Amino acid sequence: MALSNVLEIPTSGFNFENVARNVALEGLLEGGQTKTPKPMKTGTTIAGLVCKEGVVLGADTRATSGEVVADKMCAKIHYISPNIYCCGAGTAADTEKTTDLLSSNLTIFSMNSGRNPRVVMAVNILQDMLFRYRGQIGASLILGGVDCNGNHLYTVGPYGSIDNVPYLAMGSGDLAALGILEDRFKPNMEMEEAKELVRDAIHSGIMSDLGSGNNIDICVITKQGVDYIRPYQESEYKDKRQKRYKYGPGTTSILTEKIVPLELEVVQETVQRMDTA
Amino acid sequence: MNTRGLRSQLKDSVPVTGMGPQVGAYGVQDTLRSGFSSVKNELLPSHALELSEKNFQLNQDKMNFSNLRNIQGLHAPLKLQMEYRAARQIQRLPFLQSSHLALDTLKGNDESISFEDILNDPAQSEMMGEPHIMVEYKLGMM
């Protein structure tokens, strides 16, 4: 469809055409009939810590949309590169897309240079991207990874602030988790002890915060490789269904049956050789 | 072919669609093409990011070039901008989709993925501009 008022090809990237419409809609809906749909937030507890052999990241698995649990088995630990993983809190779509973009960029880089990317690279790319959008992209991320310079744990805020710390918690349940971490963290912990500490931190976040719940995922990154344990611990409050909702064959009775055979005849046959050399 | 008309020079510096008053001949609001004007709509962009996104690439380039000039002298940005201008001219007619392959390679966009590559891809745009009008606009005849 050719429009006569389009004088140039539209630029790619974000499109702000609907902003005026949204503002007008919000004014109309203010009367109380309906509200604009809330984006799905991860309302979460995520934690990470640096131990002797690597980095341990942990997260819960609940995603909320307003007051409803939208996803009970949400994966909040995202893959960035073989040696870097990232936990995301905030708006679920934003964390998902941002980490996807980051992962693609780092993959292109590793293909170009033949090396595994460093954690500082990931952090800088994220920081530039999030600062450019002035916090409109609601993603608070914990990046952990092992590279040639050692084990690193960084946090990136939605406005682009970063911090390099030995232990960390983010999300709506971060205060509870941080309490546990502050109490029992020691530098250079053993792997099993570190996993238990992260589990306890996430568990306290799940218990004390409405936005976190269900299972606990743990991701252990070491020089040798990555162990993504999902779920590390299942919630004790799983609901047991009383009945099965699938209908077995024969539930609906067949009243009549009519079969119409479709006769096809071969009109033309062509053979094309495929060059598999 | 007169591609150096005043209008096309202005457009090359800040490529923007839809922003700003739609001026027709004599610098007056072009009611026939763009409807009635409302001062409120045209004064401010409605979204916090609209203005900063519109000029983002431009400001990045300016910053990089001025850094380069301070470090290496005037010749560095001059040579680079000459290459950019040459690469920018390799394109199809205004209403057709051009790949900008040389320009992307020069800018380094072939090695990174950002929201410009995913969202609102002009190749998948559902609207097409009227070819004659777009060519006339590009040539500065309108």
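Residues numbered from 1 in each chain as written. Chains lettered and ligands numbered in written order. Predicted model: local features only at pLDDT ≥ 70, side-chain atom pairs only at ≥ 80, totals over all residues. Heavy atoms only, no water.

As recorded by an unreviewed UniProt entry, chain B carries the name Proteasome maturation protein and is attributed to Oncorhynchus tshawytscha.

As recorded in an unreviewed UniProt entry, chain A goes by the name Proteasome subunit beta, listed as coming from Oncorhynchus tshawytscha. The UniProt entry for chain A carries the following text under Subunit (unreviewed entry): "Component of the proteasome complex." (UniProt positions renumbered as here; feature names shortened; annotations may be inferred.)

Peer 1: Is there a simple way to explain the environment of A:Val123 in this structure?
Peer 2: Summarising the element assignment, A:Val123 is placed in helix α3 (residues 119-132). A:Val123 sits 37 residues away from A:Gly160 along the chain, and the two C-alpha atoms are 9.6 Å apart. (Helix = DSSP H or I, 4+ residues; strand = E, 2+ residues; numbered from the N terminus.)

Peer 1: Would you explain the layout of surface pockets in this entry?
Peer 2: Empty space left among the atoms is revealed by rolling a probe the size of a water molecule over them. What the second largest pocket holds in volume is close to 490 Å³. Lining of the second largest pocket is provided by 18 residues; of these, A:Phe14, A:Phe16, A:Asp94, A:Gln136 and B:His47 occupy positions nearest its centre. Within the residue set of the lining of the second largest pocket, elements represented by two or more residues are α1 (19-29) and α2 (92-113) of chain A. Residues that form the lining of the second largest pocket fall into these classes: eight nonpolar, seven polar and three charged. (1 Å grid on protein atoms, 1.4 Å probe; cavity = no way out; pocket = protein on both sides within 12 Å on 5 of 7 lines; lining within 4 Å. Points joined across faces, edges and corners; volume = space filled by probe spheres on them. Nonpolar A, V, L, I, M, F, W, Y, C, P; charged D, E, K, R; others polar.)

Peer 1: Whenever I open this one, the UniProt feature "domain: Proteasome beta subunit C-terminal" (unreviewed entry) in chain A confuses me. Can you help?
Peer 2: If you check UniProt for "domain: Proteasome beta subunit C-terminal" (unreviewed entry), the listed places come out as residues 240-271 of chain A in our numbering. The span residues 240-271 of chain A is 0% helix and 0% strand, and its two end C-alpha atoms sit 57 Å from each other.

Peer 1: How should the packing of aromatic side chains be read in this particular structure?
Peer 2: For any two aromatic rings, the description comes down to two numbers: the centre-to-centre distance and the angle of the planes. Residue and element names in this part refer to chain A. Tallied over the full model, the rule gives seven aromatic pairs over all chains. An angle of 80° between the planes, with centres 5.2 Å apart, marks the rings of Phe-14 and Tyr-133 as edge-to-face. Taken together, the residues span a long stretch of sequence, with Phe-14 in the loop between β1 (2-3) and α1 and Tyr-133 in the loop between α3 and β8 (139-147) at a distance of 119 residues. What makes Phe-14 partly exposed here is its relative accessible area of 32%. (Phe/Tyr/Trp six-rings, centres within 6.5 Å; stacked < 30°, edge-to-face > 60°. Buried < 20%, exposed > 50% of the residue type's maximum accessible area, 1.4 Å probe, protein only.)

Peer 1: Looking at this structure, I do not really get the sheet that holds strand β13 (residues 226-233) of chain A. What am I missing?
Peer 2: Strands pair in a sheet through their backbones, by hydrogen bonds, and they do so in one of two ways: parallel or antiparallel. All names here are of chain A. Strand order across the open sheet formed by five strands is β11-β2-β3-β12-β13, with antiparallel pairing between neighbours. Each edge of the sheet is formed by a strand with only one pairing partner; in this case those strands are β11 (167-170) and β13. Each strand of the sheet is rotated relative to its neighbour by a mean of 15°, with strand direction disregarded. Relative to strand β12 (residues 216-222), strand β3 (residues 54-60) is paired through seven bridges, and the arrangement is antiparallel. Along β12, the bridge assignment pairs Gly-58 with Ile-218. Docked against the sheet, helix α4 (residues 174-184) engages β2 (46-50) and β11, running at close to 165° with respect to β11. (Pairing = 2+ DSSP bridges. Axes fitted to C-alpha atoms, helices over the stretch in contact; angles between N-to-C directions. Contact = heavy atoms within 4.5 Å.)

Peer 1: In this structure, what is going on with the interface of chain A and chain B? I would like to understand it.
Peer 2: By a widely used convention, the size of an interface equals the accessible area lost when the partners come together. Contacts between chain A and chain B engage 28 residues on the former and 34 residues on the latter. Together chain A and chain B conceal approximately 3,300 Å² of surface at their shared face, both sides included; 65% is due to carbon and sulfur atoms. By the criterion of area lost to chain B, the three top residues of chain A are A:Leu7, A:Phe16 and A:Arg132, representing 21% of everything that side buries. Connecting chain A to chain B are two salt bridges. B:Glu53 is paired through a salt bridge with A:Arg132; the nearest N and O atoms lie 3.1 Å apart. (Buried area = accessible area lost by both parts, 1.4 Å probe. Salt bridge = Lys/Arg side-chain N within 4 Å of Asp/Glu carboxyl O.)

Peer 1: What is the right way to read helix α9 (residues 131-139) of chain B from this model?
Peer 2: Among all positions of α9(B), only B:Ile133, B:Met134, B:Tyr137 and B:Leu139 are buried. A positive phi of about 80° marks B:Gly140, the residue just after α9(B).

Peer 1: Just checking my understanding: could you explain the packing of helix α5 (residues 56-72) of chain B against helix α6 (residues 75-88) of chain B for this structure?
Peer 2: Residues and elements named next belong to chain B. At a closest axis distance of 7 Å, the pairing of α5 and α6 adopts a crossing angle of 140°. In terms of orientation, α5 lies oblique with respect to α6. Where α5 abuts α6, its residues Phe-65, Leu-68, Arg-69 and Gln-72 lie against His-75, Ala-76, Pro-77, Leu-80, Gln-81 and Tyr-84. Within the contact of α5 with α6, the residues separate by chemical class into six nonpolar, three polar and one charged. (Parallel < 35°, antiparallel > 145°, perpendicular 65-115°, else oblique.)

Peer 1: Whenever I open this one, unusual backbone geometry confuses me. Can you help?
Peer 2: Cis geometry is found at the peptide bond from A:Arg230 to A:Pro231, where omega equals 0°. Along the chain, A:Pro231 turns up in strand β13. Backbone geometry places A:Asn188, a non-glycine residue, at a positive phi of 60°. Tracing the backbone through its elements, the reader meets A:Asn188 in the loop between α4 and α5 (191-208). With a relative accessible area of 56%, A:Asn188 lands in the exposed category. Although it is not a glycine, B:Asn120 adopts a positive phi angle of roughly 60°. Structurally, B:Asn120 is set in the loop between α8 (115-118) and β1 (128-129). Look at B:Asn120 and you get partly exposed, because its relative accessible area is 33%.

Peer 1: So what exactly am I meant to see when it comes to the sheet that holds strand β9 (residues 150-156) of chain A here?
Peer 2: All names here are of chain A. Strand order in this open sheet of five strands is β6-β7-β8-β9-β10, and the pairing throughout is antiparallel. Each edge of the sheet is formed by a strand with only one pairing partner; in this case those strands are β6 (77-81) and β10 (162-164). Taking the axes of each pair of neighbouring strands and ignoring which way they run, one obtains an average angle of 25° across the sheet. Note: strand β7 (residues 84-90) against β8, seven bridges, orientation antiparallel. Note that in β8 the partner of Ala-89 across the bridge is Ser-140.

Peer 1: Looking at this model, I keep getting lost on the side chain of A:Asp217. Mind explaining?
Peer 2: All names here are of chain A. Inspection of the secondary structure assignment puts Asp-217 in strand β12. Owing to a relative accessible area of 0%, Asp-217 belongs among the buried residues under this scheme. Here the side chain of Asp-217 touches Arg-230 through a polar contact of 2.9 Å, side chain to side chain. Beyond its immediate stretch of four places on either side in the chain, Asp-217 contacts Leu-57, Gly-58, Ala-59, Thr-61, Cys-74, Ile-77, Tyr-228, Ile-229, Arg-230, Pro-231 and Tyr-232. (Polar contact = N/O pair within 3.5 Å; in protein donor to acceptor, adjacent residues only side chain to side chain.)

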